[in-house]
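Geometric and topological summary
One letter stands for each residue in the lines below.
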Amino acid sequence: PRRPSPRAMAATLKPLVAVAQVTSTPDKEQNFAACAGLVRAAAERGASLVFLPEAFDFIGRDAAQTLSMAEPLDGDLMGRYARLARDCGVWLSLGGFHERGQDWATTQRIYNCHVVLGHDGRLVATYRKAHLCDVELQGRVSMRESSFTNPGTELVAPVSTPVGKLGLSVCYDLRFPELSLALRRAGAEILTFPSAFTVPTGSAHWEVLLRARAIETQCYVVAAAQTGQNHERRVSYGHALVVDPWGAVVAQCHEGPGLCYAEIDLPYLHRVRQEIPVFGHRRPDLYGTVEATGLAPAP
């Protein structure tokens, strides 16, 4: 039989994404070396887009250290990542950069900023985390992100990438399905949840929430993650993974730092959406109107 043409072969190839699991510490140089090594390995393997987790740049021991180490988007660290993207010829999803924004001088607070860089190193999109993680699990976890971080004020339109249209979010945003549904309505095919989940919340909620977001939006869901001992008082859950639009986990990282890989099959995604067309069945005329129906409250 005749061999298929290069063009026909290229048409059947599905783009590959690489999803990173890292252990960021307060040492920025060590973190960059680890992340750059993973990006280079992913590029060698043929990945078009590499996802790094929330706080890929560093995890500080406390709010004061975190604020002192944060940088602006035009600072040294983002310049190094731009060169890395260019050198490797890959897109980068940098899932949670401690950003000194334009209001730093007046607020002395930062943004948790998800940055997308193109394969040429240009800055394609930024999304600033809208839902800040203020959580108090008695005797187990205490987090107050809002004490040093400004919340973002807008969602960002999905970004066209070589693997599909990418909807941007960060970690705690995962718990708010309204955000994912809004991104799907705006055309997203892949939702990202770069994260630094704690062990108690991760073991209870991580996989089930990620699969739920994939099923209800019929999108691929990509979740890079922090793992292991970040410093003396901080341990992250790990389990970086990819979920397909049917809700199946198609890739997952093992223990410790590393990468997992998944193909993004957009024809499959469109078939899932065609077979169960939930977005055609939605009833926005009803949602949010329960109080207006005149029903008596339950006793």
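A quick note: this is a predicted structure, and the numbers were derived from the prediction, not measured. (Residues numbered from 1 in each chain as written. Predicted model: local features only at pLDDT ≥ 70, side-chain atom pairs only at ≥ 80, totals over all residues. Heavy atoms only, no water.)

**Focus on the overall build of the chain**
- Broken down by element type, the chain carries 9 helices and 16 strands.
- Taking 299 residues into account, the globule formula puts the C-alpha radius of gyration at 19 Å, and the chain, at 20 Å, falls close to it.
- Along the first, second and third principal axes, the C-alpha atoms of the chain reach 65 × 65 × 35 Å.
- Taken across its 299 residues, the chain has 51% of its residues classed as buried. (Helix = DSSP H or I, 4+ residues; strand = E, 2+ residues; numbered from the N terminus. Rg over C-alpha atoms; globule rule 2.2 N^0.38 Å. Buried < 20%, exposed > 50% of the residue type's maximum accessible area, 1.4 Å probe, protein only.)

**Side note on helix H2 (residues 28–45)**
- In a regular helix each residue adds 1.5 Å, so 18 residues correspond to 26 Å; H2 covers 26 Å between its end C-alpha atoms and thus fits that length.
- Every buried residue of H2 is listed here: Asn31, Phe32, Cys35, Ala36, Leu38, Val39 and Ala42. Buried residues in H2, looked at end-on, bunch into an arc of 160 degrees, giving them a common side. Away from the buried face of H2 by more than 90 degrees, exposed residues Glu44 and Arg45 are located.
- Capping of H2 at its N-terminal end is provided by Asp27; its side-chain oxygen lies 3.1 Å from the backbone amide nitrogen of Glu29.
- Positioned one or two residues after H2, Gly46 has a phi angle of 100 degrees, which is positive. (Expected span 1.5 Å × (residues − 1). Arc of directions from axis to C-beta. Polar contact = N/O pair within 3.5 Å; in protein donor to acceptor, adjacent residues only side chain to side chain.)

**Quick look at the packing of aromatic side chains**
- Under the counting rule described, the total for this entry stands at 5 aromatic pairs.
- Look at Phe56 and Phe97: their rings are 6.4 Å apart centre to centre, the planes differ by 25 degrees, and that puts the pair in the stacked class. Of the two residues, Phe56 sits in the loop between strand E2 (49–52) and helix H3 (63–69) while Phe97 sits in strand E3 (residues 91–99), which places them 41 residues apart along the sequence. Grouping residues by exposure puts Phe56 and Phe97 together as buried.
- Here Tyr172 and Phe176 contribute two aromatic rings whose centre-to-centre distance is 5.4 Å and whose plane-to-plane angle is 75 degrees, an arrangement assigned as edge-to-face.
- Residue classification places Tyr172 among the buried positions, given a relative accessible area of 17%.
- By relative accessible area, which is 24% here, Phe176 ends up partly exposed.
- Grouped by ring-pair contacts, the aromatic residues Phe32, Phe56, Tyr81 and Phe97 constitute a single cluster.
- The cationic tip of Arg45 hangs over the ring face of Tyr261; the distance from NZ or CZ to the ring centre is 4.0 Å. (Phe/Tyr/Trp six-rings, centres within 6.5 Å; stacked < 30°, edge-to-face > 60°. Lys NZ or Arg CZ within 6 Å of the ring centre and 35° of its normal.)

**As for the packing of H2 against helix H4 (residues 76–88)**
- It is at 10 Å that the axes of H2 and H4 come closest, and there the two elements cross at 20 degrees. Taken as axis vectors, H2 and H4 run roughly parallel relative to one another. Crossing angle aside, the handedness with which H2 passes H4 is right-handed. On H4, the residues touching Glu29, Phe32, Cys35, Ala36, Val39, Arg40 and Ala43 of H2 are Leu77, Arg80, Tyr81, Leu84 and Cys88.
- Looking at side-chain class alone, the contact of H2 with H4 contains 9 nonpolar, no polar and 3 charged residues. (Axes fitted to C-alpha atoms, helices over the stretch in contact; angles between N-to-C directions. Parallel < 35°, antiparallel > 145°, perpendicular 65-115°, else oblique. Left-handed = near helix turned anticlockwise from the far one by under 90°. Contact = heavy atoms within 4.5 Å. Nonpolar A, V, L, I, M, F, W, Y, C, P; charged D, E, K, R; others polar.)

**As for the UniProt feature "domain: CN hydrolase" (unreviewed entry) in the chain**
- Taken from the UniProt record, the annotation "domain: CN hydrolase" (unreviewed entry) applies to residues 13–266.
- Within the segment residues 13–266, helix and strand shares are 28% and 31% respectively, and the terminal C-alpha atoms sit 11 Å apart. (UniProt positions renumbered as here; feature names shortened; annotations may be inferred.)

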